[in-house]
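Chain by chain, the residues:
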Amino acid sequence: MKFETNNGHLLWDGCDTVALAKEFGTPLYVFSQTQIEEKCHELQKHFVQKYDHVRVAFASKAFSTLAMLKIVEQQGFSLDVVSDGELYTAIKADFPAERIEMNGNNKSIEELEMAIDYGVGRIIVDSLQEVGLIAAIAKEKQKTVNILFRITPEVNVTTHSFISTGQKDSKFGIPIDESILFPQIKQAIETPEVQFLGFHFHVGSQLFDHQAHLAAVDIALDLVKLVQERFDYTIKELNFGGGFGVKYTDRDQPKPFHYFTDPMMDKVLAFCEQENYPQPAIVIEPGRSIVAEAGISLHTIGAIKELPGLRKYVSIDGGMTDNIRPGLYEAEYTGVLANKSDQANEEIVTISGKACESTDILVKDINLPIVETGDIFATFSTGAYGYSMASNYNKLAIPAVVLVKKGKAEVIVKRQTLDQIIQNEVIPESLK
Ligand SMILES: *Cc1c(COP(=O)(O)O)cnc(C)c1O
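Starting afresh in each chain, residues are numbered from 1 along the sequence in its written order. Note on the predicted model: pLDDT of at least 70 is required for a residue's local features to be given, and 80 or more for side-chain atom pairs to be given and counted; whole-chain, interface and lining totals, by contrast, use all residues. The basis for the side-chain values is all heavy atoms of the structure; hydrogens and waters are excluded.

**Student:** Which residues make up the UniProt feature "modified residue: N6-(pyridoxal phosphate)lysine" (unreviewed entry) in the protein chain, and what are the values?
**Tutor:** UniProt positions are given in the numbering used here, feature names are shortened, and annotations may be inferred rather than shown by experiment. UniProt tags Lys61 as "modified residue: N6-(pyridoxal phosphate)lysine" (unreviewed entry). With respect to the helices and strands, the residue Lys61 is situated in the loop between strand S5 (54-59) and helix H3 (66-74). A 1.4 Å probe rolled over the protein chains alone gives each residue an accessible area, and that area as a share of the maximum for its type sets the label: buried under 20%, exposed over 50%, partly exposed in between. Take Lys61: its relative accessible area is 33%, and that puts it in the partly exposed class. Contact definition: two residues touch when any of their heavy atoms are within 4.5 Å. In contact with Lys61, not counting residues within four places along its chain, are Glu86, Tyr385 and Ser388. Helix and strand labels come from DSSP, where a helix needs a run of H or I of at least four residues and a strand needs a run of E of at least two; each type is numbered from the N terminus.

This is the structure in structure tokens:
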């Protein structure tokens, strides 16, 4: 991984990470605003400005915080939310309602009401009861709601099966099936409270190959044609999801956004030309690829346990509670000793978390300079699905998050206090 140092200290967007650890404590998430904005600019240049009628919606679940949503908002991007909590965060960040898209495979009535009250731009329908529910709520509130159907394009993806979502046997999406999808489309067209815009798919995550996306685009365009023939209805929007891969370790070779978007757009434009079809709006929903590499985590090394001839365990003051991805889907990470980042590697150690689970191993067999208690370990590429999946297991506090830019650091999430961990707990009268 590429990084900058100063006097042996790892720098992140111009900030000395050892000083950050000292000032804000560890575990700590550190996000480079410059790197986030660079990703946004890449999307602007190679997608938004290159094509007509296209949008980027940040999948907020990757890193849903008020400050992040402000950055995304300032880029003119839209936002994908999947729950009341993510929608609430967007509302509190004053995110423009018309730029919010509500996803989710099991939206509650309360969540739908909240979304419709706020006036979100689109609701992506992902279950068979949803059109009716949305119509009923919209009628009561005298509103109309833009909807898309999330389809399962039935493509296989080359990623870990736990993060692939586009296959037929999936809890996500509606199968493209005469008896399942078509009655839904008919209902949507005939229901005055909903405005049926088009289709959505999301094939999976952490992809380095565009084949799955391209195959899914073909399927979506076939469907567009079928809907025209069957219902004499013109599709106005297609959402191709996210899933673009990032670099966690040097083994990962991620592709630029345009490796995915250019051939997808080529297919759309060729289809429109050939069928004399008005170009639908095209939306992509990157999450991980916007924030993953911009974020690092800092931990302080505590106990060191050498098992002779076996392994040296080096424990950190966090672990699966601030980064569950290694335990959840065998995700691999790499990192450096932030305070010894110019020293040569001398020993192979395993970085273990402090939670009471054997799977709480952050990095297995990493080559580092001699590790000592008090050193600061920086894990790279923890910006996506780290903070957002953090938990209070073992009653560990959720770490603070700082945003850094050109040598300046600002707290964007304060460290949880012990009182906050138990703030909703009550001792009932019967136990007093
Ligand atoms: C998770 C998700 C995304 C974002 O996926 P990334 O791999 O983080 O880019 C986009 N759209 C939907 C519907 C999702 O569920």
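**Student:** Break down the site of the ligand for me, citing the residues and quoting the values.
**Tutor:** Of all residues adjacent to the ligand, which total 15 residues, the nearest are Lys61, Ser205, Glu285, Arg288 and Tyr385. Each polar contact in these results corresponds to two N or O atoms within 3.5 Å; when the atoms are within protein, one needs to be able to donate a hydrogen and the other to accept it, and residues that are neighboring in sequence are counted only if both atoms are side-chain atoms. Between the ligand and the protein, one listed contact pairs an oxygen atom with a side-chain N or O atom of Lys61 at 2.7 Å. Residue burial considers only the protein chains on display, and all accessible areas are found by Shrake-Rupley using a 1.4 Å probe. Coverage of the ligand by the protein amounts to 94% of the 390 Å² it exposes when considered alone. If even one non-hydrogen atom of a residue comes within 4 Å of a molecule or strand, that residue is called near it.

**Student:** Give me the sheet that holds strand S2 (residues 9-12): which residues, what numbers.
**Tutor:** In this scheme, strands are said to pair when DSSP sees at least two bridges between them. Taking strand neighbours across the sheet as the criterion, the 3 strands line up as S1-S2-S3 in an open arrangement whose pairing is antiparallel. In this open sheet, the two edge strands, each paired with only one partner strand, are strand S1 (4-6) and strand S3 (15-16). Examined bridge by bridge, S1 and S2 share 3 bridges and lie antiparallel to one another. Residue pairing in the sheet places Asn6 in a bridge with His9 of S2.

**Student:** If you had to explain the domain arrangement of the protein chain to someone new, which residues and values would you point to?
**Tutor:** By domain assignment, the protein chain separates into domain 1 (4-30 + 292-421) and domain 2 (64-286). Residue ranges for the domains originate in an automatic or database domain assignment. Of note, the centres of domain 1 and domain 2, computed from C-alpha atoms alone, are 34 Å apart. Counting residues at the interface gives 14 residues for domain 1 and 13 residues for domain 2. By buried area we mean the combined loss of accessible area, with a 1.4 Å probe, across both parts when two parts are placed together. Of the roughly 1,200 Å² buried between domain 1 and domain 2, counting both surfaces, carbon and sulfur atoms make up 62%. Area buried by domain 1 at its contact with domain 2 is led by Glu293, Tyr329 and Glu332, which between them contribute 36% of it.

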